Amino acid sequence: MRTSSTWRIALALLLVLPLAGACKKKGPKPGEAGAGGAGLGEEGLGASGSSLERQKRGLPPEEDGILKDVHFAYDSYDLDGAARDALTRNLDWLRQNSRAKIELEGHCDSRGTIEYNLALGAKRSKAVKDYLVGQGIPAERVSTISYGKELPLCHEENDTCWARNRRVHSVILGQ
Amino acid sequence: MLAVLALALGHASLAAAVVTGQIFGPGSESFPIAVVPLKNLGGDPGGELGARFAQVLSRDLDLSGYFRLLDPKTFIENPQTSGITAGEIDFVGWAALGAQALVKGGVTTSGDTATVEVRLFDVPGRHDVPQASRRYSGPRADLPRMAHKTADAILEFLTGERGPFDSAIALVSTRGGRLKDIYRFTFDQDEPVKITDERSLVVNPRWRPDARAILFTSYRQHFPHLFQVEVASRQVSRVVPGPGVVLDGAWSPDGSKLLVTREEGGNSNIYLLDRGGQLLQRLTDHWAIDVAPAWAPDGRRFAFCSARAGSPQIYIMSLDGGGLARVSSTGSYNTSPVWSPKGDRLAWATRAGGGFQIVVAAPDGSGAQTITSAGSNENPSWAPDGRYLVFSSTRAGHAHLFLADRDGKTQKQLTRGAGDDTSPAWSPRLD
């Protein structure tokens, strides 16, 4: 119930917001992005829920959502027990919504440098993708992107905030 | 007297040269100099151009860390009525104010053309210094550049090394709002000027060797790709075609090739591309993160950051893919290497305490010296003279650009205000 109503609101937003022009104009052109990962996210619809598109619209990054965020230790892309628990719930949803495609966003805390964190975020999103694919989710349903430390959830310099920012966030591209 | 000084400095190491009992080097701020507004010799009746020239030149000299600028309020002479040649100058009066050196000159304009004649004077020696005196002619808008060239010439005469101020710094800033764009800063500006209109995420700006275009990574097409913006026309173009994700890139010193970090299947490696972005050679092939390639000035080696030993560390490698050597030996997190223009030093960022600090070392890692301590300091970039570095620092709150000499003795704030200024890249000399 909650899931479908959230989704309906999201769809309603999508219908309104492209009028602002930002999504249409700045979104990748069709055929452009067979890019990193499985070649998803090029359609304006797909990109619109991403952390970057939210930033463009003045919205804060989304934490969790229908799919749970997966968290990591400092400078790590290993999936620990808590990460696997979150992914078990995400797997249930992906199996129930077998046409859904998602994009996995790798994020990092501020305690790495800009360029290294871009590479680390890519490792994190790929680690989650590998786990999902290993559990039977077709690779074509999952694309990956890294935002490094460029789009943090919070800006404080403390353990709690750093831990929140070290995450892979799942964006549902379409169903 | 100044000629003797210059000679002595030419033979001594910069930081250790001793003049009248004081250490003379960046950070000593020991050399008293007076910079007088240029005299109107026709076409600058309000004296604005003359005052502007002196302001830009004074700022450069202050940033260099060598000089103590005398307060113009203490000047006795009226710059618009006093003479500008050695025979007309009151050297005794300037000596009484404490000036060792004096800069005076004149400006004329004709239409849009401004002509500047400027001289450096040795006050105790009571004569001008032809080696550091200049005549420039060009569009009025180039007046600040004439001041930068004068500063660079004065530094060359006094230290044996041409100054770096006729140049520009590319950076990423959030000044325009919550998104990031590429900005350009010159030493006569109060604020950096926006160059791109990406309204997206941009990272890792680097100059093309002709200093006329800036390479950067942008998320404008959703996934990160490498672009280039022409500074004059603001025209943006893709540099590496195709769907591959490129995290950063750097032009070779001769502008014929690119080193880039490509990310594929979660793994980042370094590749050599031709100027059209076509693959020449894959240089690293490791499951761990390899990122941030930086050319050696000879174009035959590069430095990069790799986590292959379990934590991010600095390595160097030859362009043929051999000669891998680890450079950083201490610290658990070393990234963002940059190679000095003369090839004799590397700088990078090392994690220490709660943030990052800038390290300068020989290319084999020996003699490593941490040159910052306040705030978190990231993304160093060398000045074209190899004497200074620019980097971002949080020491004054927001991330802003700071300049330091390579021993860390002088530290100067370059940008201020709201928004974060990060990832500076110091251009080659403009000509």
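The structure presented is a predicted model; accordingly, all values stated were derived computationally and were not measured.

Rules used throughout
Residue positions are given per chain, counting from 1 as you read along its sequence in written order. The lettering of chains begins at A and the numbering of ligands begins at 1, in the order of writing. With pLDDT at 70 or above as the cut-off, local features in this predicted model cover only qualifying residues; side-chain atom pairs require 80 or more to be listed or tallied, and sums for whole chains, interfaces and linings still use all residues. Secondary structure elements follow DSSP: runs of H or I of four or more residues count as helices, runs of E of two or more count as strands, with numbering from the N terminus. Partly exposed residues are those falling between the two cut-offs: more than 12 but fewer than 20 other C-beta atoms within 10 Å of their own, whereas 20 or more means buried and 12 or fewer means exposed, with C-beta atoms placed from the backbone. What counts as a contact is two residues whose backbone-derived C-beta atoms lie within 7 Å of each other. Ten residue types, Ala, Val, Leu, Ile, Met, Phe, Trp, Tyr, Cys and Pro, are classed as nonpolar, four, Asp, Glu, Lys and Arg, as charged, and the remainder, Gly among them, as polar. Between any two strands, pairing holds if DSSP finds at least two bridges. A fitted line through C-alpha atoms serves as each axis, taken over the contacting stretch for helices, and the angle formed by two N-to-C directions is quoted from 0 to 180°. An angle below 35 degrees is read as roughly parallel, one above 145 as roughly antiparallel, one from 65 to 115 as roughly perpendicular, and any other as oblique. Left-handed describes a crossing in which the near helix is turned anticlockwise from the far one by less than a right angle; the clockwise case is right-handed. What pLDDT reports is the predictor's confidence in each residue, on a scale of 0 through 100. By definition, a nonpolar core groups buried Ala, Val, Leu, Ile, Met, Phe, Trp, Tyr and Cys residues that connect through C-beta atoms lying within 7 Å of each other. Domain boundaries shown here were taken from an automatic or database domain assignment.

## Some points on the overall build of chain A
Counting its secondary structure elements, chain A contains seven helices and four strands. Ordered by position from the N terminus, the helices and strands of chain A form the series α-α-α-α-β-α-β-α-β-α-β. Here chain A, with 175 residues, has 47% of them falling under the buried criterion.

## Points about the interface of chain B and chain A
Between chain B and chain A, the residue contacts involve 34 residues of the former and 30 residues of the latter. Put simply, the parts of the chain that give the side of chain B that touches chain A at least two residues each are strand S12 (202-207), strand S13 (213-221), strand S16 (245-251), strand S20 (290-295), strand S24 (334-339), strand S28 (377-382) and strand S32 (421-426) of chain B. Across the side of chain B that touches chain A, the residue classes break down as 15 nonpolar, 13 polar and six charged.

## Examining unusual backbone geometry
Residue and element names in this part refer to chain B. For Arg-126, which is not glycine, the phi dihedral falls at a positive 55°. Residue position: Arg-126 is located in the loop between strand S7 (113-122) and strand S8 (127-139). Classification of Arg-126 as partly exposed rests on a count of 15 C-beta atoms within 10 Å. Of note in this structure, Asn-204 is not a glycine but carries a positive phi near 55°. Relative to the helices and strands, Asn-204 resides in strand S12. Judged by local crowding, Asn-204 falls into the buried class, with 27 C-beta atoms found within 10 Å.

## What about the pairing of strand S10 (residues 181-185) of chain B?
Residues and elements named next belong to chain B. The buried fraction of S10 amounts to four of the five residues, a majority that puts the element mostly inside the structure. The pairing of S10 with strand S11 (residues 193-194) spans two bridges and is classified as antiparallel. The partner of Arg-184 across the bridge, within S11, is Val-193.

## As for the environment of B:Ser173
All names here are of chain B. Structurally, Ser-173 can be placed in strand S9 (residues 169-173). On the basis of neighbour count, Ser-173 is assigned to the buried category, with 26 C-beta atoms found within 10 Å. The spatial distance from the C-alpha of Ser-173 to the C-alpha of Thr-372 is 22 Å, given a sequence separation of 199 residues. With near-sequence residues (within four places) excluded, Ser-173 lies in contact with Lys-180, Asp-181, Tyr-183, Pro-192, Gly-419, Asp-420 and Asp-421.

## Side note on the pairing of S20(B)
Residue and element names in this part refer to chain B. The buried fraction of S20 amounts to six of the six residues, a majority that puts the element mostly inside the structure. Where S20 meets strand S21 (residues 301-306), four bridges bridge the pair, whose relative direction is antiparallel. Along S21, the bridge assignment pairs Val-291 with Cys-305. In this antiparallel pair of consecutive strands, S20 and S21, the connection spans five residues, and Gly-299 shows a positive phi of 70°.

## Here we look at the environment of B:Gln357
Residues and elements named next belong to chain B. Within the secondary structure layout, Gln-357 lies in strand S26 (residues 355-361). In the structure, Gln-357 is positioned 132 residues away from His-225 in sequence and 29 Å away in space, judged by C-alpha atoms. If near-sequence neighbours (up to four positions away) are discounted, Gln-357 is found in contact with Thr-350, Ala-352, Thr-370, Thr-372, Ser-373 and Asn-377.

## So, the sheet that holds S13(B)
Residue and element names in this part refer to chain B. Ordered in space as S12-S13-S14-S15, the four strands form an open sheet in which the pairing is antiparallel. The open sheet has two edge strands, S12 and strand S15 (236-238), and neither has a second partner. The average angle at which neighbouring strand axes cross in this sheet is 35°, direction not considered. Here four bridges tie S12 to S13, and the two strands are oriented antiparallel to one another. In the sheet register, Val-202 faces S13, and the bridge partner there is Ser-218.

## Here's the deal with the packing of helix H2 (residues 48-64) of chain B against helix H4 (residues 143-159) of chain B
All names here are of chain B. Between H2 and H4, the shortest axis-to-axis distance is 8 Å and the interhelical angle comes to 40°. It follows from the interaxial angle that H2 and H4 lie oblique. Helix-helix and strand crossings are classified by hand; for H2 and H4 the assignment is right-handed. Across the interface between the two elements, Leu-49, Arg-52, Phe-53, Val-56, Leu-57, Asp-60, Leu-61 and Ser-64 of H2 pack against Leu-143, Pro-144, Met-146, Ala-147, His-148, Thr-150, Ala-151 and Leu-155 of H4. For the contact of H2 with H4, a count of residues per class yields eleven nonpolar, three polar and two charged.

## Things to note about the sheet that holds strand S27 (residues 369-370) of chain B
The strand order across the open sheet built from four strands is S24-S25-S26-S27 (chain B), with neighbouring strands paired in antiparallel fashion. Each of the sheet's edge strands pairs with one partner strand only, and the pair in question is S24 and S27 of chain B.

## Quick notes on the confidence of the model for chain A
Residues and elements named next belong to chain A. In the predicted model, chain A carries a mean pLDDT of 80, and the fraction of residues at 70 or more is 73%. When the elements of chain A are averaged for pLDDT, helix H2 (residues 22-26) gives the smallest value, 37, and strand S1 (residues 70-71) the largest, 98. Within the model, pLDDT remains below 50 along residues 1-46, and this stretch shows 72 contacts once partners closer than five positions in the same chain are excluded.

## A few points about the nonpolar core
All names here are of chain B. Counting 149 residues, the largest nonpolar core has Ile-33, Phe-53, Phe-302 and Ala-303 as the members making the most contacts within it. Here this core spans two domains, since at least three of its residues come from each of domain 1 (2-159) and domain 2 (169-426). Not counting chain neighbours up to four residues away, the residues in contact with Ile-33 comprise Leu-61, Phe-67, Leu-69, Leu-70, Ala-99, Gln-100, Ala-101 and Val-103.

## As for the packing of helix H5 (residues 81-96) of chain A against helix H6 (residues 114-134) of chain A
All names here are of chain A. Contact geometry for H5 and H6: axes closest at 11 Å, N-to-C directions at 55°. Our classification of the angle between H5 and H6 gives oblique. The interaxial crossing formed by H5 with H6 has right-handed handedness. Residues Leu-87, Leu-91 and Leu-94 of H5 form the contact with H6, whose participating residues are Val-128, Tyr-131 and Leu-132.

## Re the environment of A:Ser110
Residues and elements named next belong to chain A. Following the sequence through the fold, Ser-110 ends up in the loop between strand S2 (101-107) and H6. Under the C-beta neighbour-count criterion, Ser-110 is labelled partly exposed, with 19 such atoms within 10 Å. Each C-alpha atom, one on Ser-110 and one on Glu-150, is 8.7 Å from the other, the two residues being 40 residues apart in sequence. Leaving out residues up to four positions away in the same chain, Ser-110 has contacts with Lys-149, Pro-152 and Glu-157.

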